[in-house]
Structures are given as C-alpha cells and as structure tokens.
2 protein chains.
Amino acid sequence: MLHRRNFLRTAAALTGAATFCPQNLWAEVAPGMLVRSDKPLNAEPPLADLVKDFFTPVESFFIRSHGNTPEVDIKTYRLRVEGLVGKPLDLTFSEVKEKFRSRTVAATITCAGNRRIEMSAVKPISGVQWDAGAISTAEWIGATLAEILQMAEIKPEAKHVWFDGLDDVAKKDGGFENFGGSIPIEKIYGHNKPTGNVMSADPVLVAYHMAGKPLSPDHGYPLRTIVPGFIGARSVKWLGKITVSDQPSPNHYVADAYKVLAEDTPAEQRAKDPIYETVTNAAICLPSAGAKLSAGKNSIAGYAFAAGLAGNRIKQVEVSIDHGRTWTKAMLGKKKAGAFTWDLWTADIVLPAGDVTVSCRATDESGFTMPAEKPWNAKGYLFNSWHQVVVSVQ
Amino acid sequence: MLHRRNFLRTAAALTGAATFCPQNLWAEVAPGMLVRSDKPLNAEPPLADLVKDFFTPVESFFIRSHGNTPEVDIKTYRLRVEGLVGKPLDLTFSEVKEKFRSRTVAATITCAGNRRIEMSAVKPISGVQWDAGAISTAEWIGATLAEILQMAEIKPEAKHVWFDGLDDVAKKDGGFENFGGSIPIEKIYGHNKPTGNVMSADPVLVAYHMAGKPLSPDHGYPLRTIVPGFIGARSVKWLGKITVSDQPSPNHYVADAYKVLAEDTPAEQRAKDPIYETVTNAAICLPSAGAKLSAGKNSIAGYAFAAGLAGNRIKQVEVSIDHGRTWTKAMLGKKKAGAFTWDLWTADIVLPAGDVTVSCRATDESGFTMPAEKPWNAKGYLFNSWHQVVVSVQ
C-alpha cells in the first residue's frame, strides 16, 4: 500500500475541485478536445488534430485516467522501489533526474480501447467510448527502468515489474485503490537474466519530461512509466511505487481488466492473460466523418501504427472508396523517430459525387493486413478492422 | 523421438565417409578456413575474410556442428510439427516452400562460444576453441515459424517451441541423441497469445535458402531455423521436428549446456537458465594479430553486433592503441539490412613503431559499452570484453 494515498485522499476531500478541476484543465487542452468522461478525465483530440504533426502537441495528446488527477507535493514525493530487490529505494524526484542517465525515447502511446465506439455500435460495451483518437505520439525523457532496477539490485528470480499510481480509483465495493500495471521482465532484458547489458534502443522509461517539458498533471506529473509498444495501460501515470515480483500485478487493471474476453465474467477474467503488446492499426483522420467535399481529387490523411514488437513496421497503407473492391496505396510520411512510433500517411483520391465510404487498412512488415471485420469482444479492446468514414461529395 | 533417426544412423554406418566427409567439404569452404574440429565439423573464417563483405559468402560462413552432417533424402524427408497443437503436421520440403509465404530475413548469426579462445587463455575451457570468427551474416529465405504454427493450430497454453535436428550427437554414455534447441514463445508473438497478428519484421524462419541458394549440407540442408538475435544454438540445422510445449526443451543443449556457469556441475546446470539473446560484441578483423605494418596511418577494420533485442543498435565503435587511455571513433559502414545484423567498421589510426596493442570496444544504443575485462565462465560463453590484436610496426 502506498503510504501517501490516505494523505492524498484527504487532501482531495479538503481542496475539493482543486484536485480534480476540469476548469483548470481547459487551459491545458486544445480547443475542441473531446471529453469522453470528466470524472475520471478521459479526452481525445478530434482526429483531424492528430495528423497536423508527427509529434502530438501536449494539449492535443489523449488523456486516459481511471481515477482522480492527484496533486503531488514534490517536496515529500518519493518513488519507492521494492519487492525482489537487494536494496529497496526511496528516490526523490531530483534523484530520479540526477542519479541516472537521461534518455530520450519517441513513442506512440495508444489505449487498448482505441476505436471502442465502433465495436459498441455492434453491441454496446461499457467503458470510455473512444473514437480513433486514443493514440498520440511524443518524445519522452526519463531514466531507464533498467538502471533504476540495477541500482535496486534486482534479483535473478524477477519475472514481472509492477507499477502503482498515486491516484484513487473507485472500486465496485465503494472503496478506492490505485491504478496499476505490470510488464514481463523480458520487455526490459530479453530472456537473459537482469544484468543491465541487454536493453532496447527504445527502453522502458520512468519519464519526467514530455515534449521537452515536465509532465503535466493529467499526463502523470511528476513521473510515469513509458512502455513503448505496449498498450497505454502499462504506461502508468503518477508513479508511486515499482515492485519487482515473480508474477504479474494483482491490480484490477492487470488481473481482471485489459483482457480480450468473450464475455465479462470472473471466470473469463481468470482464464485470460493480460494484454501487453498493441496491435497493428490505422485510421482516417482527414476528411472528418460527414465532411462535405467537392467531387474530384481530395486529400485523405491518417495514421498507422505497427503492432508492438520492435522491428515491426508499417509496410503500406491503402485507401478504398468501393468497400475494399479496389485499393489505392497511400504515401507514408518520411518521418521516423523510433521503433515504436506511428506513420502518418496521405493519399490523393478522386471522389465521385454522392455519399462515399472511405476505408483504410494497413499492412505491417510481418505480413499482417487489417481485416474487413473483427470479432466483437466484451471489453472492446484492440479493435483494428478497416477504419471508415462516410463523406458527402457534391 | 525422430522416427528417421535410426534410419539415418544406419545409413551413416553403411555409407561411412559419405555422411561425414571433410574431402567433400573442402569444395564448399573458402581456402584458409580454420577447421577447429573435424568430427564434429567446426570451422571459422580467418577474421580478415569477415570484413570483405557485409554478407559473408557461404564458403566463408562459420560452421558449428555438434554431431554428423546428415545426408537427408529429400523424397522421404518430412518436417514434423507436434505437441501443443490442434493439428500435427508432416510437411514435405516442397510443402514448406509452397504452402507458406516466402520471407527474406538478413541476420547475423553468432555462436555463444565466439571468442572462447581468449577466455581459455585465462583458464582452459573445453569446447571448440573459437577465435572471434564464429559470427557471420547472410540473407535467409524461408517460411515464418508463426505461419507454420498457425497451420498446426498452436494452442494458447504454448510457452516454448522446441527444434530437433536430424543429426546424431554422441552422448557421454556412448549413445546418440540429436542436437536440439528451443525458444520462448514471446520471441514469435510478443506476450500476446499466438494469433498470427504480432510478429517481428525479422521473424523466426524455417529457412530453406541461404544467400539465394538451397542450404548447403553443412549449413543445415534441407531446413534449419533462423532465430535472429538469439545465440546460434537456437538456429537448429537439419530440422526434423518442431514441438510446441509449455516448457523449454529437455535436450542437453537447452537443459544443461549453453548456460553461463561459474563451474560446470550438474547443480549449477540445473540452477541456471538457458542463454537466448546474444550480447553486444565487436572484434578487430584487420590487421591480423602479428601483422607487420609500417609506421604511420593504417586502416583498422572489424565488426560490431548489438545485443539481441530488436531496436538495439551499435551506436559507436572505438579503437585504442594505448590500452584504453584514449580512444578514436571508428566509422560505421552505411549498410543496414535488418534489426539483427552487424555493422562493419573502419578506423584510420596512426601507429608508432614497435609492438602495438590495438583494442576495440563497441557501445550500443542501450548505453552498454564493452568492458576492459569480463569474468571467466566455465563454458566460455558470451565473451565480450575489448577485443585486442598485437601488431608489429616498423
């Protein structure tokens, strides 16, 4: 348990809106940001905003929260590292910034529930009704998790690393718990034992900067994990504790949620494994659904992101205006920033008059192509069939 | 057990030298190839041959065998796929080539025992006395293991995939067994369940071509696995059987050998995990040790290879002629061919007259730099301290 949790909850009760204050938030988010829920705060940018820049401006970056946005007193803040380690640590914010090398990693982060709204249209699913905007890209700066674990003298029997946030998430029984995630140790070291020797060029970070500035409150200030290639739920905000273990975290968001389930029952939850890697996905961001366009050549633009094994890449993106009978290859943007970042793409397409359904699909270098249809699942995760928008052409 | 094994052993007995015939081999290997043992056949190229081309010619590619080089009758050959699968398979050679997409992967393969001779100089180690030439790079063509396992309907409880060769390896008790390797399932699918959806751009192959031609007998004809980023022992030649399991292979070369051991005892073997990923390494290939050079500017050349997580890359290679007091940055070659291929490098260094020790070290993008010294281990694996050659300058 986090010893600061009770303090924070009390502080929240005393300061009221100051701890969770959409009014304050508006200063931080771009105009037009789509707030899907305000307690907890979940917001995504209009799709058109995603293709303006390879790196999403902080104010347009999607926000995913499960509880409050904690106000952290940086003077008393400590990052606790414990579990299967020889030397538990209590690191101040400054120590995390100063005792370890600073690493910059460009990474696209996407919610496992991105595009849930499309699955909900088939059969309603509870949870945040995300359109295709629960994905964004930023440059993150932080210490590598590997170096922090090395200082803590991680033990060879380590198999998973848990991350606990400082937030308070309402439980069904009326109590609170923090949001938590965990990752298998191979994400850090491969299958070799922890030695500090084997790491990715896109390592797991304990990040303190996003887009060159300290994390904003809603993006996890003071520290969050960034796990490139894994679903966003493993990049835990307001990081309070790291626990090394021989098993995955017992936190609700690892043990029960963030699983692909045929039906959302305790038995199914127990039977299924947590989701870690993302899947290959793509969406049309421009034109917007319902846009009125002129017949003739129009520019279509969007993003594509390859499934989460390093070395996988988007190979091609295709656009169709005849429901997949014929496809036109899109042009991939030249910008590449890391193994786990998206590609932005554009295609010039001649549109005929009438209501036109524009579809897109991506193919990655593994040979996987997004399918026309994808089976519904009870929590609405990892939806990646063709993305479509209907536009009105005159 | 492989039902063809007894047949092959009998055939070997009948045909004698035809099954293992260094005379035939000489036609296949480059002049000057250094044969470290002839039964089993183990050979490495002179280091100077490694830096002639980014892709090592087949005749210069190092050869690592643990038993005989089996003669396989392609008409009766079958690749068996069994274990935790819904539909066991017996695939002919043609079926492997025709029923699956053909994929090309450039990969550097290196023996875990590369540079063992240097560790042996400290305290003798049994095993092949490899110099730094047990590493080579080729383009491989094959079916992806993922597609073969998908056809076999791999079950969700799969955790490891075993590979068994058709060779006969002498056991201590006088009997024979085949060489075997295995890989954890995450190497294929990440941490998601087998779906065929998540794969690397440098996937594990069941390869039938090397450098555009069928595998030669000593490189595994008709089929071998290629596991990019893992030690060569997991790229099993003369592949006869693939077994899906919930645990690592019980084969000697997974269960006992290819482990980093303080002493080579059964207790230590049981306590330690198999090696999977390679480590970051580099060597000076030119000039050769003992070369006579003229004082002044000389070109130094070699290879460097980053540890086996995709996305890791060689960041820099440095050369020193004063035992590491000062270092000169080498120039990395421009050629890149995949996530798991080496870099060749060169450095122009002014050499003074006298006996000069030239050292090199590589740094990868994880921040790891090859150390001046590395602890000895009982089997002589993963040696990667600075590589040094002494030359005579006049």
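Everything numeric here is computed off the predicted structure, so don't read it as measured data.

A.B. asks: Give a detailed account of the overall build of chain A, specifying residues and quantitative values.
C.D. replies: Looking only at helices and strands, chain A has 9 helices and 24 strands in total. Over its C-alpha trace chain A gives a radius of gyration of 21 Å, about what one expects of a compact globule, namely 21 Å for 394 residues. A burial count over chain A gives 59% of its 394 residues as buried. Relative to all contacts within chain A whose residues are 6 or more apart in sequence, the contacts with residues 24 or more apart total 73%. Approximately 15300 Å² of chain A is accessible, and the part contributed by carbon and sulfur atoms is 53%.

A.B. asks: Run through the state of the cysteines, naming residues and quoting values.
C.D. replies: Residues and elements named next belong to chain B. Across all of its chains, the model carries 0 disulfides over all chains by this definition. The thiol sulfur of Cys285 is not disulfide-bonded, and the nearest other cysteine sulfur, from Cys360, lies at 8.4 Å. What makes Cys285 buried here is its relative accessible area of 1%.

A.B. asks: Could you give me a rundown of the sheet that holds strand S3 (residues 63–64) of chain B, with the residues and numbers involved?
C.D. replies: All names here are of chain B. With antiparallel pairing, the 3 strands of this open sheet are ordered in space as S1-S2-S3. Of all the strands in the sheet, just strand S1 (34–38) and S3 have a single pairing partner and so form its edges. Sheet topology places S1 next to strand S2 (residues 41–44); 4 bridges connect them, and they run antiparallel. The residue bridging Ser37 from the neighbouring strand is Asn42, located in S2.

A.B. asks: Could you give an account of the pairing of strand S16 (residues 281–286) of chain B, with specific residues and numbers?
C.D. replies: Residue and element names in this part refer to chain B. Buried residues dominate S16, accounting for 5 of its 6 residues. In the sheet, S16 pairs with strand S18 (residues 296–305) via 5 bridges, with the strands oriented antiparallel. In the strand pairing of S18, Ala282 is matched with Ala304.

A.B. asks: Give a detailed account of the packing of aromatic side chains, specifying residues and quantitative values.
C.D. replies: Residues and elements named next belong to chain A. Evaluation of the coordinates by the stated rule reveals 22 aromatic pairs over all chains. With centroids separated by 5.2 Å and ring planes inclined at 90°, the aromatic side chains of Phe54 and Phe55 adopt a geometry described as edge-to-face. Taken together, a centroid distance of 4.9 Å and an interplanar angle of 85° make the contact between Trp327 and Trp386 edge-to-face. You can see Trp327 sitting in the loop between strand S19 (314–320) and strand S20 (328–329) and its partner Trp386 sitting in the loop between strand S23 (354–364) and strand S24 (387–393), a full 59 residues away along the chain. Each member of the pair, Trp327 together with Trp386, is buried. Cluster of aromatic residues (ring-pair linked, three or more members): Phe61, Phe62, Trp130 and Trp140. Between the NZ or CZ atom of Lys123 and the centre of the ring of Trp376, over which it lies, the distance is 4.3 Å.

A.B. asks: Give me the lowdown on the sheet that holds strand S4 (residues 79–83) of chain A, citing residues and values where you can.
C.D. replies: All names here are of chain A. Pairing is mixed in the open sheet, where 5 strands are placed in the order S5-S4-S15-S8-S11. Across the chains shown, the open sheet's two edge strands, defined by having one partner strand only, are strand S5 (89–91) and strand S11 (180–184). Neighbour to neighbour, the strand axes of the sheet diverge by 15° on average, direction disregarded. Where strand S8 (residues 160–165) lies against strand S15 (residues 239–245), 6 bridges are found, and the strand directions are antiparallel. The partner of Asp164 across the bridge, within S15, is Lys241.

A.B. asks: Which residues make up unusual backbone geometry, and what are the values?
C.D. replies: Following A:Lys39, the chain continues to A:Pro40 via a peptide bond in cis, the omega torsion being 0°. With respect to the helices and strands, A:Pro40 occurs in the loop between strand S1 (34–38) and strand S2 (41–44). Of note, the bond from B:Leu286 into B:Pro287 is cis; its omega dihedral lies within 30 degrees of zero at 0°. For A:Trp238, which is not a glycine, the phi torsion comes out positive at approximately 50°. Secondary-structure assignment places A:Trp238 in the loop between strand S14 (224–226) and S15. A relative accessible area of 2% means that A:Trp238 is categorised as buried.

About the thresholds
Within each chain, residue numbers correspond to sequence positions counted from 1 in written order. Working convention: letters from A go to chains and numbers from 1 go to ligands, in the order in which they are written. A pLDDT threshold of at least 70 governs which residues receive local features in this predicted model, and a stricter bar of 80 or more applies before side-chain atom pairs are shown or counted, although totals over entire chains, interfaces and linings include all residues. In computing side-chain values, all of the structure's heavy atoms are included and hydrogens and water are not. Strands are runs of DSSP state E lasting at least two residues, helices are runs of H or I lasting at least four, and both sets are numbered from the N terminus onward. All radius of gyration figures rest on C-alpha atoms, and the globule criterion is 2.2 Å times the number of residues raised to 0.38. For each residue, the accessible area found with a 1.4 Å probe, counting protein chains only, is set against the maximum for its type, and the residue is called buried under 20%, exposed over 50%, and partly exposed in between. Contacts were defined at the residue level, with two residues in contact if any of their heavy atoms lie within 4.5 Å. In this description, accessible areas are obtained by the Shrake-Rupley approach with a 1.4 Å probe, and a residue is regarded as covered only by the protein chains that are shown. Our working definition of a disulfide is a cysteine sulfur pair at a distance within 2.5 Å. Should DSSP find at least two bridges between two strands, the strands are regarded as paired. For Phe, Tyr and Trp, where Trp contributes only its six-membered ring, two rings pair if their centres lie within 6.5 Å, and the inter-plane angle classes them as stacked under 30 degrees, edge-to-face over 60, or tilted in between. Two thresholds decide whether a charge sits over a ring: the Lys NZ or Arg CZ must be within 6 Å of the ring centre and within 35 degrees of the ring normal. Interaxial angles span 0 to 180 degrees and are taken between N-to-C directions of axes, which are lines fitted to C-alpha atoms, for helices over the stretch in contact.

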